[in-house]
Amino acid sequence: MSRSTEGSTLERSSAGNRVSAGMQTTAEHFRMLVENMKDYAIIILDTDGRVASWNPGSETILGYRSNEIIGQHFSRFFPSDEVQRGKPEMELKVATTEGRSEDEGWRIKKDGARFWSNEVITALRDESGTLCGFGKVMRDLTERKRAEEKATLQAREILEISTPVIQIWDGVLMAPLIGTLDSERTQKLMEGLLERIVQTNSAVALLDVTGVPTIDTRTAQHLAEMTTAVRLLGAQAVLTGVRPAIAQTLAHLGVDLGEITTRSTLAAGFRVALNLLSLQVVSGNGSR
Amino acid sequence: MERSPARGVVLDVSAVESLDSFFARTIAETTRMVGLMGGHTILTGMRPSVAITITQLGLTLGKMRTALTVDRAFHILRDGSQPVQNHE
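Residues numbered from 1 in each chain as written. Chains lettered and ligands numbered in written order. Predicted model: local features only at pLDDT ≥ 70, side-chain atom pairs only at ≥ 80, totals over all residues. Heavy atoms only, no water.

## A few points about the overall build of chain A
Move 1: Looking only at helices and strands, one finds eleven helices and ten strands in chain A.
Move 2: Here chain A, with 288 residues, has 38% of them falling under the buried criterion.
Move 3: Summarising the internal contacts of chain A: among those between residues at least 6 apart in sequence, 55% fall at separations of at least 24.
Move 4: With the model as given, the accessible surface of chain A reaches about 16200 Å², and the carbon-plus-sulfur share is 54%. (Helix = DSSP H or I, 4+ residues; strand = E, 2+ residues; numbered from the N terminus. Buried < 20%, exposed > 50% of the residue type's maximum accessible area, 1.4 Å probe, protein only. Contact = heavy atoms within 4.5 Å. Areas by Shrake-Rupley, 256 points an atom, 1.4 Å probe, with all protein chains shown as cover.)

Right, dumping it as structure tokens:
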């Protein structure tokens, strides 16, 4: 009993010690954190935006040593066009009125190189609410930015190559559709197809869905739109490669494919195309 | 149409850059009227952007016949009333 009381007293006092020891070193810990942080630039600006303190992370990211940058205005981290647009002042203004300002954008290092920065400016106020300066934390996200740009570029490229339009005969175009047809792809394909129809003066466009795994209501709708647009130009679209599974879905969905001519195979569709051509261009194709 | 022995009308819209529902309706009505007078109307030269707009707006131009060029439109008219497509 007495042991347990003693134990709890000990425990309490040691816990108390730990807390007070912690209190004493909190400021020290924060100083160490800021001094050792290499991944973040932690900068203190005075109320005018001049650099008042500079951590090693800032040196790593921006390239200036603390003795060459302290006292300089932080607008030198911005590209000249951003400075002309008043971006640095704007950031300070927003931070002053709203407490913080977050931004992402290209910034300039000492050697003139650009880096993609994610940054937050926080207004520093004392207990009476007087503005003492600003804390700015910056992070170099160039690699992520470049990866994102690359991904966007690749996505666009895939979009380009996934919607080819091929001329397979004088007056006959073929668009092999592969994969899922979403709105963006359909739009792209439609534009490409219509342009090609006008360019090559083609009377028939074969839309081959052999490579399309499934068709839903939207896809069917897109296909219907596409054939309508083709018809408006004065050409005709033929849907080919309609497999049993797709035919079944289309029948179940009850989608009105209207006047679309459909064929089960590309070859059958091509026969339709030749037929249409010989009917339309009698003198030109009759002798062939 | 009344004054000349015309068999049909070719509407060349190749200079039309944009099209609204009113214009679409006018075209559809013209087609119907020409049809009532026993003629055919053939729409030619529509630009891709205009065709896309029409489909996106869900407008219809009726059962109008279309041709890629004025030349082809004349061919269709010359071949008479024989339906060119859809009746296969």
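Past the structure itself, the notes keep going.
## Concerning helix α5 (residues 87–98) of chain A
Residues and elements named next belong to chain A.
Move 1: If you check α5, its first and last C-alpha atoms are 16 Å apart, about what twelve residues at 1.5 Å a residue would give, namely 16 Å.
Move 2: Looking at α5, one finds that the buried residues are P88, E91, L92 and A95. The arc that holds the buried residues of α5, viewed along the axis, is 95°, so those residues lie on one side. Turned more than 90 degrees away from the buried face of α5 sit K93, T97 and E98, all of them exposed. (Expected span 1.5 Å × (residues − 1). Arc of directions from axis to C-beta.)

## Some remarks on a nonpolar patch on the surface
All names here are of chain A.
Move 1: On the surface, I166, I168, W169 and L274 cluster together into a nonpolar patch covering about 310 Å² of accessible area.
Move 2: It is strand β6 (residues 166–169) that contributes the most residues to the nonpolar patch, three residues altogether.
Move 3: Secondary-structure assignment places I166 in strand β6. (Patch = residues over 30% accessible without salt bridge, like charges linked within 9 Å, V, L, I, M, F, W, Y side chains within 5 Å. Salt bridge = Lys/Arg side-chain N within 4 Å of Asp/Glu carboxyl O.)

## Points about the packing of helix α7 (residues 183–200) of chain A against helix α8 (residues 217–233) of chain A
Residues and elements named next belong to chain A.
Move 1: Here α7 crosses α8 at 20°, and the two axes come no closer than 10 Å. By the angle between their directions, the pair α7 and α8 is classed as roughly parallel. The chirality of how α7 crosses α8 is right-handed. From α7, S183, T186, L189, M190, L193, L194, I197 and V198 reach across to α8, where they touch R218, H222, E225, M226, A229, V230 and L233.
Move 2: In terms of residue class, the contact of α7 with α8 is made up of ten nonpolar, three polar and two charged. (Axes fitted to C-alpha atoms, helices over the stretch in contact; angles between N-to-C directions. Parallel < 35°, antiparallel > 145°, perpendicular 65-115°, else oblique. Left-handed = near helix turned anticlockwise from the far one by under 90°. Nonpolar A, V, L, I, M, F, W, Y, C, P; charged D, E, K, R; others polar.)

## Regarding the sheet that holds strand β2 (residues 40–44) of chain B
All names here are of chain B.
Move 1: Sheet architecture is open: three strands sit in the order β1-β2-β3, paired in parallel fashion. Either end of the sheet is taken by a strand with one partner, and the two such strands are β1 (8–12) and β3 (65–67). Along the sheet, successive strands turn relative to each other by an average axial angle of 30°, direction set aside.
Move 2: Both β2 and β3 contribute to a ladder of three bridges, which runs parallel. Looking at β3, one finds that L43 is bridged to T66. (Pairing = 2+ DSSP bridges.)

## Some words on the sheet that holds strand β5 (residues 131–140) of chain A
Residues and elements named next belong to chain A.
Move 1: Taken together, five strands build an open sheet; the order of strands is β2-β1-β5-β4-β3 and the sheet is antiparallel. In this open sheet, the two edge strands, each paired with only one partner strand, are β2 (51–54) and β3 (100–108). The mean angle between the axes of side-by-side strands here comes to 25°, regardless of whether they run parallel or antiparallel.
Move 2: Each of β1 (40–45), β3, β4 (114–125) and β5 touches α5; the most contacted strand, β3, lies at about 160° to it.

## With respect to the side chain of D208 of chain A
Residues and elements named next belong to chain A.
Move 1: With respect to the helices, strands and loops of the structure, D208 is situated in strand β8 (residues 204–211).
Move 2: Summary of buried charges: D208 has no salt-bridge partner, and the nearest side chain of opposite charge, R243, is 8.5 Å away.
Move 3: A distance of 2.8 Å separates a polar atom in the side chain of D208 from a polar atom in the side chain of T210.
Move 4: Here D208 is in contact with M174, A175, P176, L177, T240, G241 and L266, once residues within four sequence places are set aside. (Lys, Arg positive; Asp, Glu negative; His and termini not counted. Polar contact = N/O pair within 3.5 Å; in protein donor to acceptor, adjacent residues only side chain to side chain.)

## A few points about the side chain of T186 of chain A
All names here are of chain A.
Move 1: If you trace the backbone, T186 turns up in helix α7.
Move 2: The exposure class of T186 is buried, given its relative accessible area of 4%.
Move 3: Those residues in contact with T186 that lie beyond four places of it in its chain are L181, H222 and M226.

## Remarks on unusual backbone geometry
Move 1: For N201 of chain A, which is not glycine, the phi dihedral falls at a positive 55°.
Move 2: Within the secondary structure, N201 of chain A is located in the loop between α7 and β8.

## A look at the environment of E104 of chain A
Residues and elements named next belong to chain A.
Move 1: Following the sequence through the fold, E104 ends up in strand β3.
Move 2: On the basis of relative accessibility, which here comes to 31%, the residue E104 falls in the partly exposed class.
Move 3: Along the chain, E104 and D140 lie 36 residues apart, while their C-alpha atoms are 9.9 Å from each other.
Move 4: Beyond its immediate chain neighbours, meaning those up to four positions away, E104 contacts W116, S117, N118, L141 and R144.
Move 5: A distance of 2.9 Å separates a polar atom in the side chain of E104 from a polar atom in the side chain of W116.
Move 6: Side-chain polar atoms of E104 contact the side chain of N118, separated by 3.0 Å.

## Quick word on the packing of aromatic side chains
All names here are of chain A.
Move 1: Inspection of every chain in the model, using the stated rule, returns six aromatic pairs over all chains.
Move 2: Measuring from ring centre to ring centre gives 6.3 Å for W54 and Y64, while their planes differ by 75°; the resulting arrangement is edge-to-face. Residue W54 is located in strand β2, and its partner Y64 is located in the loop between α2 (56–62) and α3 (66–69); the two are separated by ten residues in the primary sequence.
Move 3: Assessed through its relative accessible area of 10%, W54 is described here as buried.
Move 4: The buried category is assigned to Y64, whose relative accessible area is 7%.
Move 5: Put simply, the rings of W54, Y64 and F77 pair up and form one aromatic cluster.
Move 6: The residue whose ring lies beneath R114 is W106, and the NZ or CZ to ring-centre distance is 4.0 Å.
Move 7: Seen from the ring of W116, K145 lies directly overhead, with NZ or CZ sitting 3.9 Å from the centre. (Phe/Tyr/Trp six-rings, centres within 6.5 Å; stacked < 30°, edge-to-face > 60°. Lys NZ or Arg CZ within 6 Å of the ring centre and 35° of its normal.)

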